Amino acid sequence: MTLAFRSLMMATLLAAQLMPLQAAETAEQQYGYFFARVQANPSSGMGERVELDIDLSASPGFSVTAKGDQAEIRYRMAFNNIAEGWSWRPLADVAVDDYYRYKFLPLQSVEESRGEYTFEDKIGVPQQMKVAWRYDYFLAFENLYDFYPRAANDEAGFVVTVPASKAHKVVMHATARLVAPVVSESTTFWKATYSKPTDFTLKKRYLVGVLESVSFIDGESGRELQRLEPIAQKH
């Protein structure tokens, strides 16, 4: 191996270590890509790996607690249950299992204004009713307890310790392998009323996969601080 080649290899490895781990594409873009593929071929996308940034602004269970020169980062999962029909298991034995099969990590929200119209919800009082849509994107997965033992504890979730100086701008990142049905969507509609003059449509869109890793990243340098991967355990 020549000196020039060795130097090139070292530079490549260093660049890989410093490269930000954030997803190259948004959840909206990735969902659209896989949705189009699944429409053309229902088995398309299965087994493919996706990299996703977690929306911490939509995560009330996320916290950072300073402990001297270290900080505990905790992402609670107790209430991140997907309440869609395909996730609901009414016959589950709650002593050993959950009613909701799938858990979620929030990825992105996209709001869209679709104009307005005149309508009388209250007779004799015409109003301008707005039309608004919102698309919420999630990663849906069922192997949460590959990462920590199941426990009836609201504090349970992904927990790491990082240098306190790096914790204030931490980014959370996940990787997953897609499984059937790859994508899923639900729609909820609220009709405009006199007191709430907005027609509101909520689209929940899911990328469905097996969670492979959860990483916490320094938001300034892009360097990985801690990575959590599945542990060998019985559910």
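To keep things clear, this report deals only with the structure shown in the data block. None of the values given here were measured: they were computed from a predicted structure.

Looking only at helices and strands, the protein has three helices and nine strands in total. In the protein, the succession of α and β elements from N to C terminus is α-α-β-β-β-β-β-β-α-β-β-β. A total of 235 residues make up the protein; the buried ones form 37% of that total. For the protein, long-range pairs separated by at least 24 residues make up 69% of all intrachain contacts whose partners lie at least 6 apart in sequence. Here the protein displays about 13600 Å² of accessible surface, and carbon together with sulfur accounts for 56% of that area.

For the peptide bond that leads from Ala 180 to Pro 181, omega is 10°, which places it in the cis range. Secondary-structure assignment places Pro 181 in strand β7 (residues 170–190). With phi around 75°, Val 182 is a residue other than glycine that occupies positive phi space. Within the secondary structure, Val 182 is located in strand β7.

A contiguous nonpolar patch, built from Trp 88, Val 94 and Tyr 99 and spanning about 280 Å² of accessible area, is present on the exposed surface. With respect to the element layout, Val 94 can be found in the loop between β3 (70–76) and β4 (103–122). When its relative accessible area of 45% is taken as the criterion, Val 94 is described as partly exposed.

We now examine the environment of Asn 143. Secondary-structure assignment places Asn 143 in the loop between β5 (125–141) and β6 (157–163). Sequence separation between Asn 143 and Val 210 is 67 residues, and the spatial gap between their C-alpha atoms is 6.5 Å. Ignoring any residue separated from it by four or fewer positions in sequence, one finds Asn 143 in contact with Val 210 and Leu 211. Reaching out from Asn 143, the side chain makes a polar contact with the backbone oxygen of Leu 211 at a distance of 2.9 Å.

We now examine the pairing of β4. Pairing geometry for β4 and β5, over 15 bridges, is antiparallel. Residue Val 110 lies in a different strand from β5, and its bridge partner there is Tyr 135. Count of turn residues in the β4/β5 antiparallel hairpin: two residues, of which Gly 124 carries a positive phi of about 85°.

So, about the environment of Tyr 117. Structurally, Tyr 117 is set in strand β4. Taking relative accessible area as the criterion, Tyr 117 reaches 23% and is therefore assigned partly exposed. Placed 10 residues apart in sequence, Tyr 117 and Gln 127 show a C-alpha to C-alpha distance of 8.1 Å. Of the polar contacts made by the side chain of Tyr 117, one reaches the side chain of Asp 199; its length is 2.7 Å.

Ranked by size, the top nonpolar core spans 39 residues in total, and within it Leu 105, Leu 139, Phe 158 and Met 172 carry the most contacts. The greatest single-element share of this core, amounting to seven residues, is contributed by β7. Residues contacting Leu 139, with those up to four places away along its chain left out, are Leu 52, Lys 103, Phe 104, Leu 105, Leu 107, Ala 174, Ala 176, Leu 207, Gly 209 and Leu 211. Counting seven residues, the second largest nonpolar core, distinct from the first, contains Ile 82, Phe 138, Tyr 206 and Val 208.

Let's shift gears to the packing of aromatic side chains. A full pass over the atoms with the stated rule returns 16 aromatic pairs. Measuring from centroid to centroid gives 6.1 Å for Trp 133 and Tyr 135, while their planes differ by 40°, and the two rings are tilted. A relative accessible area of 10% places Tyr 135 in the buried class. Pairing Phe 147 with Phe 158 gives two aromatic rings, centres 5.7 Å apart and planes at 80°, and the pair type is edge-to-face. Residue Phe 147 is located in the loop between β5 and β6, and its partner Phe 158 is located in strand β6; the two are separated by 11 residues in the primary sequence.

Our focus in this paragraph is the pairing of strand β8 (residues 198–218). Judged by how many residues are buried, β8 sits mostly within the fold: 16 of 21 residues are covered. In this structure, β5 lies alongside β8, joined through 11 bridges in parallel fashion. By the bridge assignment, Lys 130 is partnered in β8 with Thr 198. Bridge analysis of β8 against strand β9 (residues 224–228) gives four bridges, and the strand direction is antiparallel. Within the sheet, the bridge partner assigned to Ser 215 lies in β9 and is Arg 227. Between the antiparallel neighbours β8 and β9 lie five residues, among them Gly 222 with a positive phi of about 80°.

Criteria and cut-off values
- Residues numbered from 1 in each chain as written.
- Predicted model: local features only at pLDDT ≥ 70, side-chain atom pairs only at ≥ 80, totals over all residues.
- Heavy atoms only, no water.
- Helix = DSSP H or I, 4+ residues; strand = E, 2+ residues; numbered from the N terminus.
- Buried < 20%, exposed > 50% of the residue type's maximum accessible area, 1.4 Å probe, protein only.
- Contact = heavy atoms within 4.5 Å.
- Areas by Shrake-Rupley, 256 points an atom, 1.4 Å probe, with all protein chains shown as cover.
- Patch = residues over 30% accessible without salt bridge, like charges linked within 9 Å, V, L, I, M, F, W, Y side chains within 5 Å.
- Salt bridge = Lys/Arg side-chain N within 4 Å of Asp/Glu carboxyl O.
- Polar contact = N/O pair within 3.5 Å; in protein donor to acceptor, adjacent residues only side chain to side chain.
- Pairing = 2+ DSSP bridges.
- Core = buried A, V, L, I, M, F, W, Y, C linked by side-chain atoms within 4.5 Å.
- Phe/Tyr/Trp six-rings, centres within 6.5 Å; stacked < 30°, edge-to-face > 60°.

Just geometry here; none of it tells us what the structure is for.
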